[in-house]
Amino acid sequence: MIAVFYIASIIAVFASVKVISSLRIDKAILYLGISLFASALIFILLATYISTFLYILLFIGGSVTLFLLVASVLKISVDNVENNKRGISPKIWLGPLILAFILLVALIYGVVNANYSELKESHELMHEMSVYAYILMAELAIFLLLGAAVIAYHFMHRLMSEK
């Protein structure tokens, strides 16, 4: 679990630096989501489940709401994407998707290889830890599927426009 902690910490720091240094707001928000995912994983590993709950529910959910707000303010619509003016290009999703995939693999590795017999705490604590870990895995998988859907849309749009 120490390796998972270090991987999540490095991804959180790297994603936070990318949030600060990004010139595009949509790219910064995607990296913010990855930074929050990594921070939630760190809180799961530190067994602070109230903080994990707040991160998963409020911060990650709030960043999705913030992303929708920014998209509506910038008027990113189907017309803009089809006219190749503005929009969330697949290049913007590449970095956050790679980091999300690394986090998901590290989280799955940590859950599968955890020695639950060493936990001397109650059975409820193990159950609570696994519930938050599985919720975080599901959210990371949804984030990866969303990025894949955006990339697939752009790919199919380019393929159809070439014909």
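Residues numbered from 1 in each chain as written. Predicted model: local features only at pLDDT ≥ 70, side-chain atom pairs only at ≥ 80, totals over all residues. Heavy atoms only, no water.

Observations regarding the packing of helix H1 (residues 2-21) against helix H5 (residues 90-112)
The description of two helices packed together rests on the angle between their axes and the distance between the axes.
So, step 1. Running from amino to carboxyl end, H1 crosses H5 at an angle of 160°, the nearest separation of the two axes being 9 Å. When the axes of H1 and H5 are compared, the pair comes out roughly antiparallel. For H1 against H5, the interelement crossing comes out left-handed. In contact with Val4, Ile7, Ala8, Ile11, Phe14 and Ala15 of H1, H5 contributes Leu99, Ile102, Leu103, Ala106, Tyr109 and Gly110.
So, step 2. Here the residues of the contact of H1 with H5 sort into eleven nonpolar, one polar and no charged. (Axes fitted to C-alpha atoms, helices over the stretch in contact; angles between N-to-C directions. Helix = DSSP H or I, 4+ residues; strand = E, 2+ residues; numbered from the N terminus. Parallel < 35°, antiparallel > 145°, perpendicular 65-115°, else oblique. Left-handed = near helix turned anticlockwise from the far one by under 90°. Contact = heavy atoms within 4.5 Å. Nonpolar A, V, L, I, M, F, W, Y, C, P; charged D, E, K, R; others polar.)

Remarks on the packing of H1 against helix H2 (residues 25-45)
So, step 1. Across the interface, H1 lies against H2 with an axial gap of 8 Å and an inter-helix angle of 155°. Taken as axis vectors, H1 and H2 run roughly antiparallel relative to one another. Of the two possible hands of crossing, H1 and H2 adopt the one that is left-handed. Judged by residue contacts, Val4, Phe5, Ala8, Ser9, Ile11, Ala12, Ala15, Ser16, Lys18 and Val19 of H1 engage Ala28, Tyr31, Leu32, Ile34, Ser35, Ala38, Ser39, Leu41, Ile42 and Leu45 from H2.
So, step 2. Within the contact of H1 with H2, the residues separate by chemical class into 15 nonpolar, four polar and one charged.

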